[in-house]
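Single-letter residue listing:
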Amino acid sequence: MKTFLGTVMLLATAAVAAYAQTPAVSAGGVSNAANGLGTVTPGSLVSIYGSELAGGLAQADTIPLATTMSNVSVTFNGVPAPLLFVSGGQINAQLPWNVLSSGTVGTATVVVTRNNQASAPQSLQVGPFSPGIFAIGNIAVAINSDGSIAAPAGSIPGIATQPAKIGDPGGLVILCTGLGAVDPPAVDGADSLDALRTATTTPTVLIGGKAATVVFAGMSPQFVGVNQINVAVPTGTATGDAVSLQISLGGVTTTATVTIAVSQ
């Protein structure tokens, strides 16, 4: 009997220890969710890296996004962050719009709490702009007027792809994050199906180094923390299977390694 009870107590103690794991955010572990760069912007999507951040995988299935998921929560400067995804090594969240008490430039601290156990705070840099284009590998999530991705035909298994057409009247929709403030203001964790929210500063979009005409830049209606830029692919744009697609905003230009396919 004593042996049996002792075994039960050991198992119970181990279970409590596992339940009370303290999460740890890596130094410099917060980055733009689209491109992995360090400076992030209010309202944008960010990735948090570390260890013991959650007990398993979970992802959001409702909007507005909740600020607690699987007994995990995140704060930036004490402000609860809407959560999209949690796992042991990574959390994806929206950086709250009011992460800084005034302005859009400064330092914030992130704390991850799991089962009432809080991580040590880690600092991150917040700036007014941190553009990043969502991509599948190096292929930009840039959507043609027919709903296909602007990439060589058959290049992404299970996803319709075809090159963007120069002069396509439907243009191209680029999904990105980090464009900064919008008008009217957005709400943490909410989509923008209720109103058209336009970026207060219009970015420059370069396709193969050539400036495209920006028709709209702001919040994507159906996705939380995701920006949308509608552009027309201008005459004279370079063609090919891997034409660079870049966003330039506030002195920050995204990498030329993200590409789209373009044809006449």
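About the cut-offs
Residues numbered from 1 in each chain as written. Predicted model: local features only at pLDDT ≥ 70, side-chain atom pairs only at ≥ 80, totals over all residues. Heavy atoms only, no water. Helix = DSSP H or I, 4+ residues; strand = E, 2+ residues; numbered from the N terminus. Buried < 20%, exposed > 50% of the residue type's maximum accessible area, 1.4 Å probe, protein only. Areas by Shrake-Rupley, 256 points an atom, 1.4 Å probe, with all protein chains shown as cover. Lys, Arg positive; Asp, Glu negative; His and termini not counted. Charge placed at Lys NZ, Arg CZ, Asp CG, Glu CD. Pairing = 2+ DSSP bridges. Salt bridge = Lys/Arg side-chain N within 4 Å of Asp/Glu carboxyl O. Contact = heavy atoms within 4.5 Å. pLDDT = per-residue confidence, 0-100.

**What to know about the overall build of the chain**
In terms of regular secondary structure, the chain is built from one helix and 28 strands. Principal-axis analysis of the C-alpha atoms gives the chain an extent of 85 × 45 × 35 Å. Counting all 264 residues of the chain, 44% fall into the buried class. A total accessible area of about 12000 Å² is found for the chain, and carbon and sulfur atoms account for 58% of it. Both charge centroids of the chain, one from 5 positive and one from 9 negative side chains, sit 11 Å from each other.

**Topic: the pairing of strand 28 (residues 259–263)**
Within strand 28, five of the five residues are buried, which leaves the element mostly enclosed by the surrounding structure. Here strand 28 shows two buried faces, one formed by Thr259, Ala261 and Ser263 and the other by Ile260 and Val262. Across two bridges, the pairing between strand 18 (residues 164–165) and strand 28 is parallel. Across the sheet, Ala164 pairs through a bridge with Val262, a residue of strand 28. Taken together, the three bridges between strand 26 (residues 240–249) and strand 28 define a ladder with antiparallel strand orientation. Within strand 28, the position partnered with Val243 by the bridge is Ile260.

**Some thoughts on the pairing of strand 26**
When strand 22 (residues 204–207) meets strand 26, the two strands line up antiparallel, connected through four bridges. By the bridge assignment for strand 26, Ile207 is matched with Leu245. Here two bridges tie strand 26 to strand 27 (residues 252–253), and the two strands are oriented antiparallel to one another. Its bridge partner lying in strand 27, Leu249 is registered against Val252.

**Details of the pattern of salt bridges**
Enumeration over the complete set of coordinates arrives at two salt bridges. With a shortest N-O distance of 2.8 Å, Arg197 and Asp194 are connected by a salt bridge. Judged by relative accessible area, Asp194 falls into the exposed class, the value being 60%.

**Digging into the environment of Gly132**
Structurally, the position occupied by Gly132 is in strand 12 (residues 132–133). Note: C-alpha distance between Gly132 and Ile260 (128 residues apart in sequence) is 15 Å. Beyond its immediate sequence surroundings of up to four residues, Gly132 is in contact with Asn32, Ala34, Asn35, Cys176, Thr177 and Thr254.

**Examining the confidence of the model for the chain**
Interpretation of the predicted coordinates at a detailed level should be avoided for regions scoring low in pLDDT. The predicted model of the chain has a mean per-residue pLDDT of 92, with 92% of residues at 70 or higher. Of the regions scoring below 50 in pLDDT, residues 1–19 engages in three contacts with residues more than four places distant in sequence or in other chains.

**Brief notes about the sheet that holds strand 1 (residues 24–32)**
Across the sheet, which stays open at both edges, the five strands sit in the order 1-2-8-7-3 with antiparallel pairing between neighbours. Every interior strand has two partners, whereas the edge strands, strand 1 and strand 3 (58–59), have only one. Where strand 3 lies against strand 7 (residues 83–86), two bridges are found, and the strand directions are antiparallel. Within strand 7, the position partnered with Gln59 by the bridge is Phe85.

**Re the environment of Ser123**
Structurally, Ser123 is set in strand 11 (residues 122–126). Classification of Ser123 as partly exposed rests on a relative accessible area of 47%. Setting aside residues up to four positions removed in sequence, Ser123 forms contacts with Thr107, Ala108 and Thr109.

**Examining unusual backbone geometry**
Going from Ile63 to Pro64, the amide bond is cis rather than trans, its omega being 5°. Looking at where Pro64 falls in the secondary structure, it is placed in the loop between strand 3 and strand 4 (68–69). Cis geometry is found at the peptide bond from Asp183 to Pro184, where omega equals 0°. Mapped onto the elements of the fold, Pro184 is located in the loop between strand 20 (182–183) and strand 21 (198–199). Positive phi outside glycine occurs at Ser70, with the angle close to 50°. By the element assignment, Ser70 lies in the loop between strand 4 and strand 5 (72–76). In this structure Ser70 comes out as partly exposed when scored by relative accessible area, which is 47%. A positive phi angle is found at Asn77, which is not glycine, with a value near 55°. Inspection of the secondary structure puts Asn77 in the loop between strand 5 and strand 6 (79–80). By relative accessible area, Asn77 is classed as partly exposed at 33%.

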